[in-house]
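Given next are the chains, with one letter for each unit.
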Amino acid sequence: PQRRRLLWLLFLAGLLLIAMTSRATTLVRLRFPDLVHYASAIARVRCVGADTRVENSEIFTDTRFHVLESEKGVLPASIVVRQPGGKFQHLVSHVEGAPEFRIGEEVYLFLWGRPGRQFYVLGWSQGTFRVHRDALSGKETVTQDSAEIPIFDPEANAFTKMGVKNLRVAVFQERVRREVLRTLP
C-alpha cells in the first residue's frame, strides 16, 4: 500500500510536469527588418470570422480577413490565416504566442504563404500589429503583440520584452515601405 501510494504520487507529479511544460512556447526574436524580409505579404486587414477544426489531433483556427491595403505582396480581397489553438466543441487549446483575433478588429499582419492557400502569421505575436483608433482624435496607432510578451533574444542571450508600442500608423507604414524597398533585389 505504501509503495503503491508512492508510485501514484510519482505518476501524478510526472503528469503535472508534462502539463506544465506542454504549455510552454519559446519564440526567438525576429528583428523588424527580418519580419519584412521573410514575409511573403504584409497587409492591413479586418477580421470577419473564424472557424476551428481538428487535424491530426490538433486544434487549428482559420481566421478570415478582408484585405484593406497591402504593403508587400499581391493578395486577393479576402484571405484565410491559420493559427494553432482555438475552441472546438468542448475542447480548448491555447498556444502561447499565437495571436487571437476578434471580429471587426483591424491589424497589420506579416504573412507567410501564398495566395490560393491559407496564410500563417510570421513569428506569431511578432508579426501581429493591432490598430488602435483614439475615440476623440481619430488618430490611429499600432502596437505589436510581442511588445508585452517575453521573447528569447539570442543577441542578449535572455528573454526580453521589446517591440512596437503606440506608433502612429503613418510612421509604421513609412517604416514598412522603407524596409520593403531595402529587400528588393
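Everything discussed here concerns the structure shown above.
*Asks:* Whenever I open this one, the side chain of Glu105 confuses me. Can you help?
*Replies:* Tracing the backbone through its elements, the reader meets Glu105 in the loop between strand 5 (91-93) and strand 6 (106-112). Under the relative-accessibility criterion, Glu105 is labelled buried at 10%. In terms of polar contacts, Glu105 uses its side chain to reach the backbone amide nitrogen of Arg102, at 3.0 Å. Within polar-contact distance, the side chain of Glu105 engages the side chain of Arg130 at 2.6 Å. Sequence-distant contacts of Glu105, that is, excluding residues within four places in its chain, are made with Val45, Arg46, Cys47, Glu100 and Arg130.

*Asks:* Teacher, can you tell me more about the packing of aromatic side chains here?
*Replies:* Working definition: an aromatic ring pair is given by the centre-to-centre distance plus the angle between the planes. Scanning all chains against the criterion turns up nine aromatic pairs. Arranged with centres 5.1 Å apart and planes meeting at 85°, the rings of Phe65 and Phe101 form a pair that is edge-to-face. Of this pair, Phe65 sits in strand 2 (residues 58-72) while Phe101 sits in the loop between strand 5 and strand 6, and the two are 36 residues apart along the sequence. Here the two residues Phe65 and Phe101 agree in accessibility, since each one is buried. Both rings, one in Phe110 and one in Phe129, keep their centres 5.1 Å apart while their planes meet at 45°; by these two values the pair is tilted. Of this pair, Phe110 sits in strand 6 while Phe129 sits in strand 8 (residues 128-133), and the two are 19 residues apart along the sequence. Under the relative-accessibility criterion, Phe129 is labelled buried at 0%. Ring pairing ties together the aromatic residues Phe32, Tyr108, Phe110, Phe129 and Phe172, which thus form one cluster. Geometry around Phe60 places Arg82 over its ring, the cationic atom sitting 5.3 Å from the centre.

*Asks:* What exactly am I supposed to notice about the pattern of salt bridges here?
*Replies:* When the charged atoms of two side chains with opposite charge come close together, those side chains can pair. Inspection of the entire model under this criterion finds 16 salt bridges. In this structure, Arg177 and Glu71 form a salt bridge, with 2.8 Å as the shortest nitrogen-oxygen distance. In this pair, Arg177 sits in helix 3 (residues 169-183) while Glu71 sits in strand 2, placing the two residues 106 residues apart along the sequence. On the accessibility criterion, Arg177 (38% relative accessible area) is partly exposed. Among the salt bridges present, the one from Glu105 reaches Arg102, with a minimum N-O distance of 3.5 Å. One salt-bridge network, held together by shared partners, links Arg44, Arg46, Glu106, Arg133 and Glu140.

*Asks:* Got a minute to help me understand the environment of Arg168 in this structure?
*Replies:* As for its placement among the helices and strands, Arg168 is situated in strand 12 (residues 167-168). Separated by 27 residues in sequence, Arg168 and Thr141 place their C-alpha atoms 4.2 Å apart. Ignoring any residue separated from it by four or fewer positions in sequence, one finds Arg168 in contact with Glu140 and Thr141.

*Asks:* Sorry, what's going on with the pairing of strand 9 (residues 140-144) here?
*Replies:* Extensive coverage of strand 9 is indicated by the burial of five of its five residues. In strand 9, alternate side chains face the same way, and those of Glu140, Val142 and Gln144 on one face and Thr141 and Thr143 on the other are all buried. Relative to strand 9, strand 8 runs antiparallel, the two being bridged by five bridges. By the bridge assignment for strand 9, Arg133 is matched with Glu140. Here two bridges tie strand 9 to strand 12, and the two strands are oriented antiparallel to one another. Across the sheet, residue Thr141 finds its bridge partner in strand 12, namely Arg168.

Procedures and definitions
Residues numbered from 1 in each chain as written. Predicted model: local features only at pLDDT ≥ 70, side-chain atom pairs only at ≥ 80, totals over all residues. Heavy atoms only, no water. Helix = DSSP H or I, 4+ residues; strand = E, 2+ residues; numbered from the N terminus. Buried < 20%, exposed > 50% of the residue type's maximum accessible area, 1.4 Å probe, protein only. Polar contact = N/O pair within 3.5 Å; in protein donor to acceptor, adjacent residues only side chain to side chain. Contact = heavy atoms within 4.5 Å. Phe/Tyr/Trp six-rings, centres within 6.5 Å; stacked < 30°, edge-to-face > 60°. Lys NZ or Arg CZ within 6 Å of the ring centre and 35° of its normal. Salt bridge = Lys/Arg side-chain N within 4 Å of Asp/Glu carboxyl O. Pairing = 2+ DSSP bridges.

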